[in-house]
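Here are the chains, one letter per residue:
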Amino acid sequence: MKTHQPVMVEKVIEFLNVRATGVYIDATCGTGHHSRAILEATGGNCTMICIDKDFRAIQRAKEYLSEFSTRVIFVNDGFENIEKIVRNIGIKKADGILFDLGFSSEQISSSQAGFGFKQNGPLDMRYDKNLPVSAWDVINRFSKKEIARILEDFGEVKDAEKLATLICTERKNKPFETTREFADFIARHRKSRKKIHPATQIFQAIRMYVNNEIENLKAGLEGAVNVLISGARIVVITYHSIEDRIVKRFMKTNKNVRLITKKVIVPDEIEKAVNLSSRSAKMRVAEVVN
Ligand SMILES: C[S@@+](CC[C@H](N)C(=O)[O-])C[C@H]1O[C@@H](n2cnc3c(N)ncnc32)[C@H](O)[C@@H]1O
């Protein structure tokens, strides 16, 4: 399994205004690399609330952050439930929150999770295995119209209708079962103008639909405002334009926050060269003013 390399770590620490006595929420803790950096920046004195929807990520984070175990509260839940999570923990308000959206290298390189096609695996793509619909259902059971809409809305795929028709015709012979089988099928019918694999946008769209990512992001951002003290920072790292537009709009229009980053923050050239997954990363920061 590939180890995740956290993105823009120094900028996260700087923009969160990390203080030793603070309580910080890592809304997407993954294996816990950003959480570890925040803990280390405070000499292990701050309190971290580490949330992830993926049970296996929480297990990995517990191990990775074991030396800080008395300072960390782990929660296997979705950040869309942030208000309930903070209420249940019993703290009044936190001093900052980080959202590092999408999936980790561990998830994309795990064949079991079914997110990627470099490793062959079942068509799944659910962060939380209790979610009712998997990628398999979308691809093999959804109507042509539904598939086309998902590809358009969540992948901004231009040839969505044509692809949906091809998928529905092909699956009549035999359902698609694995990520590589599906990716190879897409590659046979679709050219990509850039260097990225022709199935990348398609996988992104299905993953976003299966995990309800857009609605969850909106709920997570709205909820964050209510669990933070005035002056606390909301730091969000996105990896594609649909998410970035939502974050930008929220930070510009929500009356309870003030946009801090007038210009979007991106990794420097060295980080982009060393960590290829960081190439599309964009960071935006807002401060709670209520
Ligand atoms: C890019 S990774 C985070 C990596 C992490 N910052 C690190 O340094 O290890 C994104 C994580 O968000 C999680 N995730 C996605 N949607 C979520 C949601 N709605 N609530 C909580 N976690 C979510 C994924 O399971 C994944 O582990």
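Source: prediction; values computed, not measured. (Residues numbered from 1 in each chain as written. Predicted model: local features only at pLDDT ≥ 70, side-chain atom pairs only at ≥ 80, totals over all residues. Heavy atoms only, no water.)

### Here we look at the domain arrangement of the protein
In step 1: Segmentation of the protein into domains returns domain 1 (9–106 + 213–288) and domain 2 (132–210).
In step 2: Between the C-alpha centres of domain 1 and domain 2 the distance comes to 30 Å.
In step 3: Facing the eight residues of domain 1 at the interface are seven residues of domain 2.
In step 4: Taking both partners together, domain 1 and domain 2 bury about 660 Å²; carbon and sulfur atoms supply 52% of that area.
In step 5: If you sort the residues of domain 1 by the area they bury against domain 2, Glu 213, His 240 and Ile 242 come out on top, with a joint share of 64%.
In step 6: Here domain 1 is connected to domain 2 by two salt bridges. (Domains from an automatic or database assignment. Contact = heavy atoms within 4.5 Å. Buried area = accessible area lost by both parts, 1.4 Å probe. Salt bridge = Lys/Arg side-chain N within 4 Å of Asp/Glu carboxyl O.)

### Some points on the packing of aromatic side chains
In step 1: Tallied over the entire structure, the rule returns seven aromatic pairs.
In step 2: Summarising the aromatic geometry, the rings of Phe 117 and Phe 203 are spaced 4.9 Å apart at their centres and angled 70° between planes, so their arrangement reads as edge-to-face. One end of the pair, Phe 117, is in the loop between helix H5 (105–108) and helix H6 (135–141); the other, Phe 203, is in helix H10 (residues 200–210), with 86 residues separating them in the sequence. For the pair shown, Phe 117 and Phe 203 are each scored as buried.
In step 3: Between Phe 154 and Tyr 209, the aromatic rings sit 6.2 Å apart at their centres with planes inclined by 50°, giving tilted as the arrangement. Placement of Phe 154 in helix H7 (residues 144–155) and of Tyr 209 in helix H10 is noted, with a sequence separation of 55 residues between them. (Phe/Tyr/Trp six-rings, centres within 6.5 Å; stacked < 30°, edge-to-face > 60°. Helix = DSSP H or I, 4+ residues; strand = E, 2+ residues; numbered from the N terminus. Buried < 20%, exposed > 50% of the residue type's maximum accessible area, 1.4 Å probe, protein only.)

### Examining the site of the ligand
In step 1: Of all residues adjacent to the ligand, which total 24 residues, the nearest are His 34, Asp 52, Phe 79, Asp 100 and Gln 107.
In step 2: Between the ligand and Phe 79 there is a distance of 2.9 Å, counted from a nitrogen atom to a backbone nitrogen or oxygen. (Near = heavy atom within 4 Å. Polar contact = N/O pair within 3.5 Å; in protein donor to acceptor, adjacent residues only side chain to side chain.)

### Considering the nonpolar core
Soluble, globular proteins show a tendency: their nonpolar side chains are buried together.
In step 1: Counting residues in each nonpolar core, the largest one holds 66 residues, and the members touching the most others are Phe 99, Phe 182, Ile 206 and Ile 234.
In step 2: Tallying contributions element by element places H10 first for this core, with six residues.
In step 3: Among all residues touching Phe 182, those that are not within four sequence positions of it are Leu 123, Ile 139, Ile 167, Phe 176, Ile 202, Phe 203 and Ile 206.
In step 4: Phe 68, Val 72, Ile 265 and Met 283 belong to the second-largest nonpolar core, a separate cluster that totals 25 residues. (Core = buried A, V, L, I, M, F, W, Y, C linked by side-chain atoms within 4.5 Å.)

### Side note on the packing of helix H9 (residues 179–189) against H10
In step 1: Relative to each other, H9 and H10 sit at 130°, their axes nearing to 10 Å. Judged by the inter-axis angle, H9 sits oblique to H10. Here Thr 179, Phe 182, Ala 183 and Ile 186 of H9 lie close against H10, whose contacting residues are Ile 202, Phe 203 and Ile 206.
In step 2: Looking at the contact of H9 with H10 residue by residue, the classes come out as six nonpolar, one polar and no charged. (Axes fitted to C-alpha atoms, helices over the stretch in contact; angles between N-to-C directions. Parallel < 35°, antiparallel > 145°, perpendicular 65-115°, else oblique. Nonpolar A, V, L, I, M, F, W, Y, C, P; charged D, E, K, R; others polar.)

### Regarding the sheet that holds strand E7 (residues 282–288)
In step 1: Taken together, the seven strands give an open sheet; going across it, the order is E3-E2-E1-E4-E5-E7-E6, and neighbouring strands pair in mixed fashion. Strand pairing shows two members of the sheet lacking a second neighbour, strand E3 (72–76) and strand E6 (257–259), which therefore form its edges. Recorded for the sheet is a direction-independent mean angle of 20° between the axes of neighbouring strands.
In step 2: Relative to E7, E6 runs antiparallel, the two being bridged by three bridges. Looking across to E7, one finds that Val 257 is bridged to Val 288.
In step 3: Helix-sheet contacts for helix H3 (residues 55–64) involve strand E2 (47–52) and E3, and the interaxial angle to E3 is about 165°. (Pairing = 2+ DSSP bridges.)

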